[in-house]
Amino acid sequence: MSSPVAPLIEIFSSIQGEGIWVGCRQIFLRFAGCNLACSYCDTPRNTPRHCRWEARPGSREFILLPNPLTPQEVALKIRKLNPAIHHSISLTGGEPLLHTSFLLELIPLLKETRHGIYLETNGTLPDSLERILPLVDIIAMDIKLPGTANIEPCWQEHRAFLKLARGKYLFVKLVVDEDSKPEEIERALDLICSVGDIPLVIQPVTTPEGKTRLKPEKAITWQSRALERLTDVRVIPQTHKFLGHL
Ligand code: SF4
């Protein structure tokens, strides 16, 4: 049987700009395609004909690899980025869990970093997560506020996902802006607390220029509210945008 293939947007080494491991050096594997269509999404919707590979980190010089790619091709490109000096390999997107057959073949070829495999996911595909869970070390999971993302609610999917993911190093990310609905934020907190005392990152919507769409008073208010129920709650914007990193 032939290897599964996957469409990728880019492969590069850079600095994690979001969440509780912000600042860590990672290799990023950005998959094309997503099962959602959030209004604030900054990932192209169309599958590119080529995957960009930045062979020299930070150079902005890209080698174009024709899509789709095999796990063996991707593993080779990652090996050339020196995984041993990296915190982890970030599977990001798009939604990487749309490509579980590919990941089942790829991940066993990759385990060479300091902290393993870091999955960035929208947290809506629990069945797919279950398939690759033993191969993943860290999970950065979104809970989508339907009013902020302008999508249908995913509360059931998030609940099932959280229950599976809680056995890993897990944190939840909540993208909020000035108009996020208090009742949706409360519902997200209810959901997290029903599963455990999981670290939470409140992430203000950040423009490509690095400006956030959340006033300081609101950020403080939401953090206070969450800290009444959870131990570790941080407000962190998308820092890579104002640092100028990919
Ligand atoms: S889940 Fe992420 S990649 Fe998918 S549409 Fe929303 S922001 Fe974009």
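See the structure printed just above.
Summary of the structure given here. (Residues numbered from 1 in each chain as written. Predicted model: local features only at pLDDT ≥ 70, side-chain atom pairs only at ≥ 80, totals over all residues. Heavy atoms only, no water.)

**Focus on the sheet that holds strand β4 (residues 63–66)**
- Across the sheet, which stays open at both edges, the ten strands sit in the order β4-β3-β1-β2-β5-β6-β7-β8-β9-β10 with mixed pairing between neighbours. Each edge of the open sheet is held by one strand with a lone partner, namely β4 and β10 (233–235). For this sheet the average axis-to-axis angle between neighbouring strands, irrespective of direction, equals 20 degrees.
- For strand β8 (residues 169–176) and strand β9 (residues 200–204), the ladder comprises five bridges, and the chain directions are parallel. (Pairing = 2+ DSSP bridges. Helix = DSSP H or I, 4+ residues; strand = E, 2+ residues; numbered from the N terminus. Axes fitted to C-alpha atoms, helices over the stretch in contact; angles between N-to-C directions.)

**With respect to the site of the ligand**
- Taken together, Cys 34, Leu 36, Ala 37, Cys 38, Cys 41, Arg 45, Gly 94, Asn 122 and Lys 144 form the complete shell of residues around the ligand.
- Placement of the ligand is best described as lying within the largest pocket.
- Residues belonging to the shell around the ligand are distributed by class as follows: five nonpolar, two polar and two charged. (Near = heavy atom within 4 Å. 1 Å grid on protein atoms, 1.4 Å probe; cavity = no way out; pocket = protein on both sides within 12 Å on 5 of 7 lines; lining within 4 Å. Sits in = over half its atoms within 2 Å of the grid points. Nonpolar A, V, L, I, M, F, W, Y, C, P; charged D, E, K, R; others polar.)

**Details of the pairing of strand β5 (residues 88–92)**
- The buried count for β5 comes to five of five residues, which makes it a mostly enclosed element.
- The pairing of strand β2 (residues 25–31) with β5 spans five bridges and is classified as parallel. Paired with Ile 27 across the bridge in β5 is Ile 89.
- By the bridge criterion, three bridges tie β5 to strand β6 (residues 117–121) in an arrangement that is parallel. Looking across to β6, one finds that Ile 89 is bridged to Ile 117. (Buried < 20%, exposed > 50% of the residue type's maximum accessible area, 1.4 Å probe, protein only.)

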